[in-house]
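Each chain, letter by letter, is given below.
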Amino acid sequence: MIYRFKNSIMVLGILWSVAALGQSTNFVHFDTEDGLPQSQVQTIQQDDDGNLWIGTMAGLAKYNGQKFTNFSKQDSLAEDWITTSYKDRSGNIWLGHWGGGVSKYIQKKQTFINLDFDIISQFNPITAIIEDSDGNFWFGTDGGGVYRYDIQNNTVYVVTSDEELSGDYVSSICEDNVGNIWIGTDNGITIYDKTQAINAEEAYTYLNIEKGLIVDNITVVQSVLDNEIWIGTRGSGIVIIKITEGISINELETIHDAVSTIITTEDGLSSNGINSIFEDDNNTIWIGTSTGGVTKFIPDEGPRNNDDALRNGTFKVLSTPQGLNYHKVNVVLQDREGNYWIGTEVGLNRYRSDK
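The rules behind each value
Residues numbered from 1 in each chain as written. Predicted model: local features only at pLDDT ≥ 70, side-chain atom pairs only at ≥ 80, totals over all residues. Heavy atoms only, no water. pLDDT = per-residue confidence, 0-100. Contact = heavy atoms within 4.5 Å. Pairing = 2+ DSSP bridges. Helix = DSSP H or I, 4+ residues; strand = E, 2+ residues; numbered from the N terminus. Axes fitted to C-alpha atoms, helices over the stretch in contact; angles between N-to-C directions. Salt bridge = Lys/Arg side-chain N within 4 Å of Asp/Glu carboxyl O. Buried < 20%, exposed > 50% of the residue type's maximum accessible area, 1.4 Å probe, protein only. Phe/Tyr/Trp six-rings, centres within 6.5 Å; stacked < 30°, edge-to-face > 60°. Polar contact = N/O pair within 3.5 Å; in protein donor to acceptor, adjacent residues only side chain to side chain.

K.L.:
Tell me about the confidence of the model for the chain, and name the residues and values.
P.N.:
Of all residues in the chain, 92% attain a pLDDT of 70 or more, and the chain-wide mean is 92. Contacts from residues 1–24, a stretch scored under 50 in pLDDT, to residues over four places away or in other chains number 1 contact.

Written out as structure tokens, the structure is:
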């Protein structure tokens, strides 16, 4: 009897250990000891071959699921310090750099080229890159405004606060479902109607405190769900604007003319400082924050056609108590296998699932 009792305790101890281990191994951590060139992960992209490309402050890493291969200026990158990245419709990966340079990874040739963009950007850090539906590329800078690169004509047009831009410190750029370009700056949002000439004054609309924004210092602008624009701020949470039929951006006197709302920590955000916004394949919104890890927002089923409905959903926090390696999250990406990759100031996290 004593022998069986002792073994029962041993078995229970093993089960308790396995249960505790299961709670902590939803996250797998990677840092410089695993092969990253540097611990501050700024960007993550997945190429068409399934490799992850991780941008850090000291170089680029390619992860093939087994090992990291690092790349630097010696491999034809414009610079080592990577600030942003973007995967275009052809599968190429564009990298923005701290010194204003832009690198491009050509997927078919598996080679890098330096676009020598730092001279054009006047060495202002590249903060955002997107390809619009017409095939033009937009580069946001930290201090130099925004640049539109017309590949077909090989021309670059710059928009600054001296022309039509609300502010020269650009944090984010996105395109909505009808082709408007939203540019987040330190002085509100500029919306460009790209059906008009880029130098036409009437092509630009502005959203700021005077038009209903809670703050002018914008960190993220992202189009998600059914043409909702989620606007992340430095410390005031998220503004959501729903663009529905019949709403003309050019005629917005205030954001409240559209369907709109604000979500903050009072609603379920882990932090009001927003660093990134990402929509996964299940239409869950992953919000990277400056002090609270990641907040997942799972929208309720049903129409989101009024102000209150935009807040309807489930919030779930994933931060250091849940196994994340640090509370400041810079980027979130879902790979094609369904894993989530979260870049923080101290490395890379792979999040398997909630189970």
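K.L.:
Lay out the sheet that holds strand β17 (residues 204–207) in plain terms, naming residues and giving numbers.
P.N.:
The strand order β14-β15-β16-β17 describes an open sheet built from 4 strands, whose pairing is antiparallel. Each end of this open sheet is capped by a strand with a single partner; those strands are β14 (170–175) and β17. Averaged over all pairs of adjacent strands, the angle between strand axes in this sheet comes to 20°, irrespective of strand direction. As judged from the 4 bridges shared by strand β16 (residues 188–193) and β17, these two strands associate in the antiparallel manner. For I191, the partnering residue across the bridge sits in β17 and is T205.

K.L.:
Hey, could you go over the sheet that holds strand β3 (residues 52–56) for me, with residue numbers and the actual values?
P.N.:
Strand order in the open sheet formed by 4 strands is β2-β3-β4-β5, with antiparallel pairing between adjacent strands. Where the open sheet ends on each side, the last strands, each with one partner, are β2 (41–46) and β5 (68–71). Between one strand and the next, the sheet's axes are offset by a mean angle of 20°, whatever the strand orientation. By the bridge criterion, 5 bridges tie β3 to strand β4 (residues 59–63) in an arrangement that is antiparallel. Bridged to G55 within β4 is L60.

K.L.:
Can you lay out the pattern of salt bridges for me, pointing to particular residues and giving the numbers?
P.N.:
One pass over the structure, following the stated rule, counts 9 salt bridges. Notably, a salt bridge pairs K87 with D48, separated by 2.7 Å at the nearest N-O pair. Taken together, the positions of K87 in strand β6 (residues 82–87) and D48 in the loop between β2 and β3 put the pair 39 residues apart, joining distant regions of the chain. Classification of K87 as partly exposed rests on a relative accessible area of 27%. For D48, a relative accessible area of 41% puts it in the partly exposed group.

K.L.:
Describe the environment of V346, naming the residues involved and giving the relevant values.
P.N.:
Looking at the element boundaries, V346 is found in the loop between β27 (340–344) and β28 (347–351). Looking at V346, the relative accessible area reads 35%, which means it is partly exposed. Sequence separation of V346 and D31 is 315 residues, and the distance between their C-alpha atoms is 7.1 Å. Other than its neighbours up to four places away in sequence, V346 contacts D31, S39, N325 and Y326.

K.L.:
Tell me about the packing of aromatic side chains, residues and numbers included.
P.N.:
Each aromatic ring pair is summarised here by two numbers: the centre-to-centre distance and the angle between the ring planes. Enumeration over the complete set of coordinates arrives at 22 aromatic pairs. Seen from their ring centres, W53 and F71 are 5.5 Å apart, and the 35° between their planes marks the pair as tilted. Placement of W53 in strand β3 and of F71 in strand β5 is noted, with a sequence separation of 18 residues between them. Taking the centre distance of 5.2 Å and the plane angle of 55° together, the rings of F71 and F112 count as tilted. Of the two residues, F71 is situated in strand β5 and F112 in strand β9 (residues 111–114); the sequence distance between them amounts to 41 residues. By relative accessible area, which is 17% here, F71 ends up buried. Site record: aromatic cluster; members linked through ring pairs are W94, F117, F137, F139 and Y147.

K.L.:
Break down the environment of S270 for me, with residues and values.
P.N.:
In this fold, S270 is placed in the loop between β21 (259–263) and β22 (274–279). For the pair S270 and T291, spaced 21 residues apart in sequence, the C-alpha separation works out to 7.8 Å. There is a polar contact of 2.8 Å between the side chain of S270 and the backbone oxygen of G292.

K.L.:
Hey, could you go over the environment of G232 for me, with residue numbers and the actual values?
P.N.:
Mapped onto the elements, G232 comes out in strand β19 (residues 228–233). Judged by relative accessible area, G232 falls into the buried class, the value being 0%. Residues G232 and T284 lie 52 residues apart in sequence; the distance between their C-alpha atoms is 16 Å. When residues no more than four places from it in sequence are discounted, the contact partners of G232 are I218, T219, V220, G237, I238, I274 and I277.

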